Amino acid sequence: MRTVNIKSIDSITIVVTDIARAIRFYHEVFDLPMVNGSKTTLQVGGKQQLQFVTPDTAGLHSHGAPGNSELALATKDPLAKTLAHLTNYAVEIDDGPVAYQGATGPATALWLRDPDHNLIKLVCY
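I will try to describe carefully the structure that is included in this document. (Residues numbered from 1 in each chain as written. Predicted model: local features only at pLDDT ≥ 70, side-chain atom pairs only at ≥ 80, totals over all residues. Heavy atoms only, no water.)

1. Describing the sheet that holds strand β6 (residues 105-113)
- Across the sheet, four strands lie side by side as β4-β7-β6-β5; this open sheet has mixed pairing. Where the open sheet ends on each side, the last strands, each with one partner, are β4 (70-75) and β5 (93-102). Taking the axes of each pair of neighbouring strands and ignoring which way they run, one obtains an average angle of 25° across the sheet.
- Pairing analysis gives six bridges linking β6 to strand β7 (residues 119-124), with the strands arranged antiparallel. From the neighbouring strand, L112 faces β7, where its bridge partner is I120.
- The strands that helix α1 (residues 19-30) touches are β4, β6 and β7; relative to β7, the one it contacts most, it runs at about 15°. (Pairing = 2+ DSSP bridges. Helix = DSSP H or I, 4+ residues; strand = E, 2+ residues; numbered from the N terminus. Axes fitted to C-alpha atoms, helices over the stretch in contact; angles between N-to-C directions. Contact = heavy atoms within 4.5 Å.)

Structure, rendered in structure tokens:
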């Protein structure tokens, strides 16, 4: 029997109302760099990408809607530094920080929303 040997997430696509606003938020608040030559894609970590589409350009993602996504991002920085950074950008925290069992072990998590109200979980290991 053959299997599909998944090794990692390549990209995640989020439906937003305004791509430029989403790019600005994720680039500025989370310091995610632009993918060279793209106006709709940011780099996450070493090799993963975060892509943005709008309802009118969604194509295969046409069943998605702004505000329906949930994304978890792991930070390298300590929680105090992450909270201070979010405060500098006037980002409101929906919940947390609380103890959390992350994908790679015990962590602390907090939740916030992007400009389209997509839920973002920041996990601090």
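2. So, the pattern of salt bridges
- Tallying each qualifying case throughout the model produces two salt bridges.
- Of the charged contacts, one joins D116 and R21 as a salt bridge, the two residues approaching to 3.0 Å between their closest N and O atoms. Highlighted residues: D116 in the loop between β6 and β7 and R21 in helix α1, separated in sequence by 95 residues.
- Judged by relative accessible area, R21 falls into the partly exposed class, the value being 28%.
- Between D94 and R113 there is a salt bridge, with the nearest N and O atoms lying 2.9 Å from each other. Residue D94 is found in strand β5, and its partner R113 is found in strand β6; the two are separated by 19 residues along the sequence. (Salt bridge = Lys/Arg side-chain N within 4 Å of Asp/Glu carboxyl O. Buried < 20%, exposed > 50% of the residue type's maximum accessible area, 1.4 Å probe, protein only.)

3. A word on the sheet that holds strand β1 (residues 11-15)
- Pairing is mixed in the open sheet, where three strands are placed in the order β1-β3-β2. With one partner strand each, in any of the chains shown, β1 and β2 (41-44) form the two edges of the open sheet. Looking at each pair of strands side by side, their axes are set apart by 25° on average, direction ignored.
- In the sheet, β2 pairs with strand β3 (residues 48-53) via four bridges, with the strands oriented antiparallel. When the sheet's bridge partners are listed, T41 is paired in β3 with Q51.
- Along the sheet, α1 contacts β1, β2 and β3; its crossing angle with β3, the most-contacted strand, is approximately 150°.

4. Comments concerning the pairing of β3
- Pairing of β1 with β3 involves five bridges; the strand directions are parallel. Across the sheet, I14 pairs through a bridge with F52, a residue of β3.
- Adjacent in sequence and paired antiparallel, β2 and β3 are bridged by three residues, among which G45 carries a positive phi angle near 65°.

5. A word on the side chain of T82
- You can see T82 is positioned in helix α2 (residues 79-88).
- Overall, T82 belongs to the buried group, its relative accessible area being 8%.

6. Details of the environment of T17
- Mapped onto the elements, T17 comes out in the loop between β1 and α1.
- Of the residues examined, T17 reaches a relative accessible area of 47% and is grouped as partly exposed.
- For T17 and P55, which are 38 residues apart along the polypeptide, the C-alpha to C-alpha distance reads 7.1 Å.
- Apart from the residues within four sequence positions on either side, T17 is in contact with T54, P66 and D116.
- A distance of 2.9 Å separates the side chain of T17 from the side chain of R21, its partner in a polar contact. (Polar contact = N/O pair within 3.5 Å; in protein donor to acceptor, adjacent residues only side chain to side chain.)

No statement about biological role is implied by the geometric values presented.
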